[in-house]
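Residue-level structure breakdown
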Amino acid sequence: MSAFYRLILFTGLSAFTYGCSPIDVFEKTATIPKQDWYYNDQPSFSFDISDTASAYNIFITLRHSDAYKFNNIWLKIGSIAPGDSIHYQNLELQLASDARGWEGNGMDDIFEVRKNITPGPVHFRSAGKYTFTVAQIMRQNPLKNIFNVGIRVEKIRQQ
C-alpha cells in the first residue's frame, strides 16, 4: 500500500475516531505541500468566540511519518485577539521518547499527535474573531515528513 493511500485511510479513521466526540468550538488542519514544511509556510486558523464566560483548551494537532528525524518540534505560534496586535510564543512539543517511541495515534508509518499548548484553561477576554498562525522553527528548512498541522479549540465542560 502506497504512503498516499495509507494517509487517506489514516485520515478517514482519525476523522471517525475523533468524530465520535463532539467538537465544541473549532478544529481545522492545513496540509503541508509535499510533506516539506518551509519556514515561510505559516498556516492560519481563524474562529469566532461568542461565549467568554467558559474556559477552553487549545491544542496543536500534527500528523507526521515515521521517517520524521526528530523526537520534538519547535513551533512559533502567533495569536491575534479581536482589536489586538499579534503575539508570538515559541513552543517545543515532544513527539517521541526513546523509551516509548512516537506519541499519539499511529497507523502503519503515519502518526497523529494532539498537544495542549496552554498551561491551563483559557478564558477569551472578548467575543469575536481569533486567529492563530503556526510556523515551524526547527534548524532544518524544509522540515521533512510533516503531513498536516492544525488547531483545535475545545470548550471545557463543567462536571
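Just so it is clear, the structure is predicted and the values come from calculations on it, not from any experiment. (Residues numbered from 1 in each chain as written. Predicted model: local features only at pLDDT ≥ 70, side-chain atom pairs only at ≥ 80, totals over all residues. Heavy atoms only, no water.)

As a further point, take the overall build of the protein. Within the protein, the regular secondary structure consists of one helix and 13 strands. N-terminal to C-terminal, the α/β element order of the protein is α-β-β-β-β-β-β-β-β-β-β-β-β-β. In the protein, which comprises 159 residues, the proportion classed as buried is 41%. Within the protein, contacts between residues separated by at least 24 positions form 80% of all contacts whose residues are at least 6 apart in sequence. (Helix = DSSP H or I, 4+ residues; strand = E, 2+ residues; numbered from the N terminus. Buried < 20%, exposed > 50% of the residue type's maximum accessible area, 1.4 Å probe, protein only. Contact = heavy atoms within 4.5 Å.)

A word on the pattern of salt bridges. Applying the stated criterion across every chain yields a total of seven salt bridges. Glutamate 103 is the partner of lysine 115 in a salt bridge, and the nearest nitrogen-oxygen pair spans 2.5 Å. Taken as a pair, lysine 115 in strand S10 (residues 110–116) and glutamate 103 in the loop between strand S8 (101–102) and strand S9 (105–107) lie far apart in primary sequence, twelve residues in all. Classification of glutamate 103 by relative accessible area gives partly exposed; the value is 22%. Where salt bridges share partners, they join Glu27, Arg114, Arg152 and Glu154 into one cluster. (Salt bridge = Lys/Arg side-chain N within 4 Å of Asp/Glu carboxyl O.)

A few words on the nonpolar core. Counting residues in each nonpolar core, the largest one holds 34 residues, and the members touching the most others are Trp37, Ile60, Ile73, Phe124, Val134 and Ile151. In this structure, isoleucine 151 is in contact with Phe26, Glu27, Lys28, Phe45, Ile58, Phe59, Ile60, Thr61, Phe132 and Val134, ignoring residues within four places of it in sequence. (Core = buried A, V, L, I, M, F, W, Y, C linked by side-chain atoms within 4.5 Å.)

Applying the stated rule across the entire model yields nine aromatic pairs. Centre to centre, the rings of phenylalanine 47 and tyrosine 130 are 6.2 Å apart; their planes meet at 15 degrees, and the pair counts as stacked. With phenylalanine 47 in strand S3 (residues 44–49) and tyrosine 130 in strand S11 (residues 128–136), this pair connects stretches of sequence that are 83 residues apart. The exposure class of phenylalanine 47 is buried, given its relative accessible area of 4%. Tyrosine 130 gets classed as buried once you look at its relative accessible area, which sits at 6%. Following the ring pairs from residue to residue traces out a cluster consisting of Phe26, Phe47, Tyr56, Phe124, Tyr130 and Phe132. Between the NZ or CZ atom of lysine 76 and the centre of the ring of tyrosine 88, over which it lies, the distance is 4.5 Å. (Phe/Tyr/Trp six-rings, centres within 6.5 Å; stacked < 30°, edge-to-face > 60°. Lys NZ or Arg CZ within 6 Å of the ring centre and 35° of its normal.)

In this structure, the largest pocket spans a volume of roughly 530 Å³. Lining the largest pocket are 18 residues, and of these Ser79, Ala81, Val122, Tyr130 and Phe132 lie nearest its centre. Sorting the residues of the lining of the largest pocket by element identifies strand S5 (72–80), strand S6 (87–94) and S11 as the ones contributing at least two each. Classifying every residue of the lining of the largest pocket gives ten nonpolar, six polar and two charged. (1 Å grid on protein atoms, 1.4 Å probe; cavity = no way out; pocket = protein on both sides within 12 Å on 5 of 7 lines; lining within 4 Å. Points joined across faces, edges and corners; volume = space filled by probe spheres on them. Nonpolar A, V, L, I, M, F, W, Y, C, P; charged D, E, K, R; others polar.)

On to the pairing of strand S13 (residues 146–155), then. For a regular strand, the rule is simple: side chains alternate between the two faces of the sheet. The buried count for S13 comes to nine of ten residues, which makes it a mostly enclosed element. Both strand S1 (residues 26–31) and S13 contribute to a ladder of six bridges, which runs antiparallel. The partner of threonine 29 across the bridge, within S13, is glycine 150. Bridge count for strand S4 (residues 56–65) against S13 is nine bridges, and the pairing is antiparallel. (Pairing = 2+ DSSP bridges.)

Another point: the sheet that holds S5. Spatial strand order, S3-S11-S5-S6: four strands in an open sheet with antiparallel pairing. The strands lining the two open edges of the sheet, one partner per strand, are S3 and S6. Between one strand axis and the next, the sheet turns through 25 degrees on average, direction left out of account. Of the strand pairs in this sheet, S3 and S11 are connected by six bridges, and their pairing is antiparallel. Residue pairing in the sheet places phenylalanine 47 in a bridge with tyrosine 130 of S11. (Axes fitted to C-alpha atoms, helices over the stretch in contact; angles between N-to-C directions.)

Remember, this is a structural readout, not a statement about activity or role.
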